[in-house]
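What follows is each chain in one-letter form.
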Amino acid sequence: MTYDTSSILFALSLTLFAGLSTGIGSALAFFTRTTNVRFLTASLGFSAGVMIYVSMIEIFVKARDSLSTAAGESKGYLITTFAFFCGILLIAIIDKLVPSFENPHEVREIEEMSGAAAEEDKRRNLKRMGIFSAIAIGIHNFPEGLATFVAGLQEPTLGVSIAVAVAIHNIPEGIAVSVPLYYATGSRKKAFGLSFLSGLSEPVGALVGYFFIFRYMNDYVFGFLFAMVAGIMVFISLDELLPTAENYGEHHIAMYGVVAGMIVMATSLVLFA
C-alpha cells in the first residue's frame, strides 16, 4: 500500500490535535474556578460511545475484510479476532505497568488547586505525582497515536472521528497532570508545559508506526494492525473513559453521552460511507 504526502501529513496532524488536547485540560484547570462535572461526564461518555461503535462496527469489519482478502474468509476472521485481543492485551499490559497511585486516569478536579499552601513533604509528593502522571500519560498515548494515525491514513472521515474522541478523552488527563504540579510548585507555566508535552507522545507513536511499520504494509499487516486498533480503543473506553465518567458521579448522563456518541458516529458513517 502506498500513500501520498498529503495523506500522511493529514493523519499526522490528527494525532497532533488529539495529543495536544491534554493542554486544553490544563488550561481549563487554570482559567475556570469549578469543574463542570455534568459536561465532562457527558463528554467522556460521548467519546466512549464513538470509540466503541466505530471499533466494533467499522474498524473490526475493515480489518476482517483485509485479512479475508489475504488469507481467506475463515482464516481471516480468526486472525482478526486474535489481533483484536492482542490490542487489548497490549494496552492492558501498558496500563498494568503504571502503578495505581500514579495512574493518570485518577480523577482530579479544578477545585483541588484552591486553598492554603501544602507542607513541604506534601509538595514533593504532589510534584512527583504530577511528573509520573505525565510520564504515564505519555506511555498510554503512544498506542492511541498509532491508532489515530492508522485510521486517518486509511479513511480520513473515520480518522477525524477517532481524533475527536481521543481528544475529549485526553482533556481530563491534562487536568490530572496540571493540578498536582501547580499545587506543588505554584507555577502555572511548569504545570501547563509538562501537561502539553505529555500529549506529544501521540504524534511520536504515529511517527514510529510510519517509519517502522508502514514500509512493510500489505493486507496482512494492515488487517492485523487495524484489528489491534479496535481492541485498544474498546479497552480504553471500558477501562478509562466510562470509569472516569462514573467517578464524576453522573451515571445516567454518562450513558446518555455513550448513546449520543454512537448515534453521531453511526450517522457520520451512513452519510459519508
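Located above this text is the structure these notes cover.
We now turn to the structure provided with this report.

About the cut-offs
Residues numbered from 1 in each chain as written. Predicted model: local features only at pLDDT ≥ 70, side-chain atom pairs only at ≥ 80, totals over all residues. Heavy atoms only, no water. Salt bridge = Lys/Arg side-chain N within 4 Å of Asp/Glu carboxyl O. Helix = DSSP H or I, 4+ residues; strand = E, 2+ residues; numbered from the N terminus. Buried < 20%, exposed > 50% of the residue type's maximum accessible area, 1.4 Å probe, protein only. Axes fitted to C-alpha atoms, helices over the stretch in contact; angles between N-to-C directions. Parallel < 35°, antiparallel > 145°, perpendicular 65-115°, else oblique. Contact = heavy atoms within 4.5 Å. Phe/Tyr/Trp six-rings, centres within 6.5 Å; stacked < 30°, edge-to-face > 60°. Left-handed = near helix turned anticlockwise from the far one by under 90°. Core = buried A, V, L, I, M, F, W, Y, C linked by side-chain atoms within 4.5 Å. Patch = residues over 30% accessible without salt bridge, like charges linked within 9 Å, V, L, I, M, F, W, Y side chains within 5 Å. Areas by Shrake-Rupley, 256 points an atom, 1.4 Å probe, with all protein chains shown as cover.

### Description of the pattern of salt bridges
Then step 1. Tallied over the full model, the rule gives two salt bridges.
Then step 2. Residues Lys62 and Glu58 are paired through a salt bridge, measuring 3.7 Å at the closest nitrogen-oxygen approach. Here Glu58 and Lys62 lie together in helix α3 (residues 37-71), a separation of four residues that amounts to about one turn.
Then step 3. The partner of Glu155 in a salt bridge is Lys62, and the shortest N-O contact between them spans 3.0 Å. In this pair, Glu155 sits in the loop between α5 (120-154) and α6 (156-185) while Lys62 sits in helix α3, placing the two residues 93 residues apart along the sequence.
Then step 4. Its relative accessible area of 18% is what places Glu155 among the buried residues.

### Brief notes about the packing of helix α1 (residues 5-20) against helix α8 (residues 201-212)
Relative orientation and spacing of two packed helices are given, respectively, by the angle between their axes and the distance between those axes.
Then step 1. Remark: α1 packs on α8, axes separated minimally by 7 Å, with the N-to-C direction vectors making an angle of 150 degrees. Here α1 is positioned roughly antiparallel relative to α8, judged by the angle of their axes. Residues Ile8, Leu12, Thr15, Leu16, Ala18 and Gly19 of α1 pack against Glu202, Pro203, Ala206, Leu207 and Tyr210 of α8.

### Comments concerning the side chain of Ser161
Then step 1. Locating Ser161 in the fold gives a position in helix α6.
Then step 2. Among residues more than four places away in sequence, those in contact with Ser161 are Val50, Met265 and Ser268.

### Concerning the packing of aromatic side chains
Then step 1. Under the defined criterion, the tally for this structure stands at five aromatic pairs.
Then step 2. With a centroid separation of 6.3 Å and 85 degrees between ring planes, the pair formed by Phe60 and Tyr77 is classed as edge-to-face. Here Phe60 is found in helix α3, whereas its partner Tyr77 is found in helix α4 (residues 73-97), with 17 residues between them in sequence.
Then step 3. Three or more aromatic residues joined by ring pairs make a cluster, and in this case those are Phe60, Tyr77, Phe84 and Phe85.

### Brief notes about the environment of Thr148
Then step 1. Relative to the helices and strands, Thr148 is located in helix α5.
Then step 2. Sequence separation between Thr148 and Val160 is twelve residues, and the spatial gap between their C-alpha atoms is 8.3 Å.
Then step 3. Not counting the four nearest positions on each side in its chain, Thr148 is found in contact with Leu14, Thr15, Gly159, Ile162, Ala163, Val166 and Glu202.

### As for the packing of α4 against helix α9 (residues 219-247)
Then step 1. Interhelical geometry of α4 versus α9 gives an angle of 45 degrees and a closest axis separation of 7 Å. The pairing of α4 with α9 is recorded here as oblique in orientation. In this structure, the crossing between α4 and α9 has a hand that is right-handed. Along the contact surface, α4 presents Ile79, Thr80, Phe82, Ala83, Phe84, Cys86, Gly87, Ile88, Leu90, Ile91, Ala92 and Asp95, while α9 presents Phe224, Ala227, Met228, Ala230, Gly231, Ile232, Val234, Phe235, Ile236, Asp239 and Glu240.

### Observations regarding the nonpolar core
Then step 1. Counting 49 residues, the largest nonpolar core has Ile59, Phe149, Leu158, Ile162 and Phe226 as the members making the most contacts within it.
Then step 2. Examining the composition of this core, we find that 15 residues originate from one element, α9, more than from any other.
Then step 3. In this view, Phe226 contacts Ile59, Lys62, Ala63, Val150, Ala151, Gln154 and Leu158; residues no more than four positions away in its chain are not counted.

### Observations concerning a nonpolar patch on the surface
Then step 1. Where nonpolar side chains cluster on the molecular surface, the patch consists of Phe142, Val204, Leu207, Val208, Tyr210, Phe211 and Phe212 and spans about 600 Å² of accessible area.
Then step 2. Among the elements that take part in the nonpolar patch, α8 stands out by supplying six residues, more than any other.
Then step 3. Along the polypeptide, Phe142 turns up in helix α5.
Then step 4. Exposure remark for Phe142: the relative accessible area of 33% places this residue in the partly exposed category.

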